[in-house]
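Analysis of the macromolecular model
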Amino acid sequence: MSARPRTLRLAAALAALALAATACAGGSADGDGSGKTRVRIAYQAIPNADLVVKNQRLLEKALPDAEITWTKFDSGADVNTAVIGGAVDLGLAGSSPVTKGLSAPLDIPYQVLWIHDVIGDNEALAARKEITSLAQLKGRKVAAPFGSTAHYSLLAALDKAGVDPSSLTLLDLQPPDALAAWQRGDIDAAYVWTPSLTELLKDGHPLTTSRQVAADGKPTADLGVVTDAFAAKHPEIVDAWVKAQDTAVRQAKSDPEKAAKSIGAELNLPPAEAKRQLGQLVLLTAEQQSGPEYLGTPGKPGALAGNLRDAAVFLKTQQAVDAVPELSAFQQALAVEELARAAK
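Below: a short report on this structure. Values in this document were obtained by computation on a predicted structure and should not be read as measured data.

This part is about the pattern of salt bridges. Under the counting rule described, the total for this entry stands at 10 salt bridges. With a shortest N-O distance of 3.7 Å, Arg140 and Asp188 are connected by a salt bridge. Placement of Arg140 in the loop between β5 (123-128) and β6 (141-144) and of Asp188 in the loop between α7 (175-184) and β8 (189-193) is noted, with a sequence separation of 48 residues between them.

Given below as structure tokens:
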């Protein structure tokens, strides 16, 4: 399937965002004409604590003098495009799109501010029941959102199994589009995330999951990013955002029923199903994210930088990035000072 319709949809969405921003800001890049600072947030339909922040208006309550806009995107690749287009200040993107964003040719000036979740069984390769191994995908049509964590995990799983990606037909489809193609019988498998994954597994089965791919040495995560310019100009908003995320994570751990009710409302899911999907993710508090295995602390960037560089090395073998940045580039992209302020 051609990527052109998706490109046109994204271009139209960016144009609408730009028009709306101009209209509400009166031409200002920072306000809505009333002196309020505009905060433009990209989110995705992923059952993590980011949806708790959105649904319970935790950030709006913390920043009553800000004009906060939440815009839904289908993948991290689309979030990258929106950031490049100047339409997003803060957003959620998977570790693979972020790796691409920090690498050539994109070289996006943003920082990793938060780990929304470590991806587990909520992202998987669903296949028709007659397909029982990765080797049996040869000659089949397999969908994944190109540039996403799912795409990265798919390529990693194929590599682990010794299956040449060129031996199958890879289609660039967002999760809702992959589900529609599956229901039409147009594809044989798809690597996507919930809630689309849940629908695929009703008459399919998982060949592998991102939890297994991580166990094989290729971990993935959903990350929170902030543009360098916004972080420098509005540190107090960045701090409030991180604290809101931390509050939501703590709620998800201490009162999962309450968190699941908010997530279910955002995803149009029953609370019990939202709670089940929430449980498939690993959520980390700000204090945990300051540990050496994750973001780290000022002067001591964590292992996440190395994980991102390892992803860049792999993506270079797939010709998905032009070059692999030095480890220091990924270390400098970890917003450890901002995290440390909020973790106090």
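Turning to the sheet that holds β8, a few remarks are in order. Read across the open sheet, the five strands follow the order β7-β6-β8-β5-β9; overall the sheet is mixed. Edge positions in the open sheet fall to β7 (169-172) and β9 (204-209), since each of these has one partner strand only. Averaged over neighbouring strand pairs, the angle between their axes works out to 30 degrees when direction is ignored. Here β6 runs beside β8; their pairing, made up of two bridges, is parallel. Within β8, the residue paired with Val142 across the bridge is Ala189. Most of the contacts of helix α6 (residues 149-161) go to β8, to which it runs at about 135 degrees, and overall it touches β5, β6, β7, β8 and β9. Across the face of the sheet, α7 comes into contact with β5, β6, β8 and β9 while running at roughly 150 degrees to β8.

It is worth spelling out the sheet that holds strand β3 (residues 90-94) at this point. Read from one edge of the open sheet, five strands run β2-β1-β3-β10-β4, paired in mixed fashion. Of all strands in the sheet, those bounded by a partner on one side alone are β2 (66-72) and β4 (110-118). Here the average twist between neighbouring strands, direction ignored, is 25 degrees. Bridge count for β3 against strand β10 (residues 221-227) is five bridges, and the pairing is antiparallel. Along β10, the bridge assignment pairs Gly91 with Val225.

The rules we used
- For every chain, the first residue of its written sequence is number 1, and the numbers climb from 1 along that sequence.
- In keeping with the predicted nature of the model, local features appear solely for residues at pLDDT of at least 70, side-chain atom pairs appear and are counted solely at 80 or more, and the whole-chain, interface and lining totals rest on all residues.
- Excluding hydrogens and water, the side-chain values take into account all heavy atoms of the structure.
- Any Lys or Arg side-chain nitrogen located within 4 Å of an Asp or Glu carboxyl oxygen qualifies as a salt bridge.
- Strands are runs of DSSP state E lasting at least two residues, helices are runs of H or I lasting at least four, and both sets are numbered from the N terminus onward.
- Strands qualify as paired when DSSP identifies two bridges or more between them.
- To get an axis, a line is fitted to the C-alpha atoms, and for a helix only the part in contact is used. The angle between two axes follows their N-to-C directions and goes from 0 to 180 degrees.
- When checking whether two residues touch, look at their non-hydrogen atoms; a contact exists if any pair is within 4.5 Å.

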